[in-house]
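Close look at the chain arrangement
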Amino acid sequence: MRDLIFRFLLPCLLASGCGVEKEPSCEEWIDGTYRALPVAAYEIAGSRDGSTTSAVATMTLGDGDVLKIEIAVEYDPAPVLRAARWTITGGRSGSGDVAAESLRFLGGQGEGPSLGGRYRLEAEGLPVFRVELPLQPVSRREWGAG
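Residues numbered from 1 in each chain as written. Predicted model: local features only at pLDDT ≥ 70, side-chain atom pairs only at ≥ 80, totals over all residues. Heavy atoms only, no water.

Turning our attention to the overall build of the chain. Of regular secondary structure, the chain possesses 1 helix and 9 strands. Listed by position from the N terminus, the elements making up the chain come as α-β-β-β-β-β-β-β-β-β. Relative to its full complement of 146 residues, the chain shows a buried share of 35%. Residue pairs at least 24 apart in sequence account for 42% of intrachain contacts in the chain once pairs closer than 6 positions are excluded. A total accessible area of about 8200 Å² is found for the chain, and carbon and sulfur atoms account for 52% of it. (Helix = DSSP H or I, 4+ residues; strand = E, 2+ residues; numbered from the N terminus. Buried < 20%, exposed > 50% of the residue type's maximum accessible area, 1.4 Å probe, protein only. Contact = heavy atoms within 4.5 Å. Areas by Shrake-Rupley, 256 points an atom, 1.4 Å probe, with all protein chains shown as cover.)

Another point: the confidence of the model for the chain. When pLDDT is averaged along the chain, the result is 85; 79% of the residues meet or exceed 70. Overall, residues 12-20 carries pLDDT values under 50, and its contacts beyond four positions in sequence, including any with other chains, amount to 8 contacts. (pLDDT = per-residue confidence, 0-100.)

Another point: the nonpolar core. Counting residues in each nonpolar core, the largest one holds 26 residues, and the members touching the most others are C26, M59, L67, I69, L115, L121 and V131. Every element with two or more residues in this core is listed here: β3 (39-49), β4 (52-61), β5 (66-75), β6 (79-89), β7 (94-106), β8 (114-123) and β9 (126-137). Broken down by element, this core gets its largest block of residues, 5 residues, from β5. With residues near it in sequence (within four places) discarded, M59 still touches P24, S25, C26, V39, A41, Y42, D65, V66, L67, V131, E132 and L133. (Core = buried A, V, L, I, M, F, W, Y, C linked by side-chain atoms within 4.5 Å.)

Moving on, we get to the environment of V56. Looking at where V56 falls in the secondary structure, it is placed in strand β4. A C-alpha to C-alpha distance of 5.6 Å links V56 and A45, two positions 11 residues apart in sequence. Apart from residues no more than four positions distant in its own chain, V56 is found in contact with E43, I44, A45, K68, I69 and E70.

This brings us to the packing of aromatic side chains. On inspection of all chains with the given rule, the structure shows 3 aromatic pairs. Aromatic side chains W29 and Y34 sit 4.8 Å apart centroid to centroid with 70° between the ring planes, which places their arrangement in the edge-to-face category. The ring of Y34 carries the charged tip of R130 above its face, separated from the ring centre by 4.1 Å. (Phe/Tyr/Trp six-rings, centres within 6.5 Å; stacked < 30°, edge-to-face > 60°. Lys NZ or Arg CZ within 6 Å of the ring centre and 35° of its normal.)

Following the sequence through the fold, E28 ends up in strand β1 (residues 25-30). Of note is the side chain of E28, whose polar atom sits 3.3 Å from the side chain of R92. Not counting residues within four places of it along the chain, the set of residues in contact with E28 comprises T33, Y34, R35, L37, R92, V128 and F129. (Polar contact = N/O pair within 3.5 Å; in protein donor to acceptor, adjacent residues only side chain to side chain.)

The next point concerns the pairing of β1. With 4 bridges connecting them, β1 and β9 associate as antiparallel partners. Looking across to β9, one finds that C26 is bridged to V131. Sheet topology places β1 next to strand β2 (residues 33-37); 5 bridges connect them, and they run antiparallel. By the bridge assignment for β2, C26 is matched with L37. Counting the residues between successive antiparallel strands, the hairpin from β1 to β2 contains 2 residues, one of them, D31, with a positive phi of roughly 50°. (Pairing = 2+ DSSP bridges.)

In this structure the tally under the stated criterion is 11 salt bridges. A salt bridge links R85 to D97; the nearest nitrogen and oxygen atoms lie 2.8 Å apart. Placement of the pair is R85 in strand β6 and D97 in strand β7, with a sequence separation of 12 residues. Judged by its relative accessible area of 44%, D97 is partly exposed. (Salt bridge = Lys/Arg side-chain N within 4 Å of Asp/Glu carboxyl O.)

Printed below as a string of structure tokens:
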């Protein structure tokens, strides 16, 4: 029983608040500081193939720009960000690499994987955005949906 608590319940409490989801957020690096941007819509979709989970997180910002983050997480046994890229379209345009400031991942024993965390989006080694993705199943299409 104690092993069960430490292997399953404690990581749930620490990583996700056991179902208490945060809202997604996006900040843009402007003049040496991050400034919050409104997020109008958010979804994440993906799949698990063996020890790799691939997902695309899509944020529609308040001004209509669409920010997409492609993430590949590998786990054996700890999750590691294997590859990630971002692109933005609309009034802003750009793309670059992604660095995980904090990666949140639950492998889903019998359920699909859940992915979240805080990520720094860079272009040519310089910060452009920082995003917070709420921990949720990668198959969930819309943020806030039950």
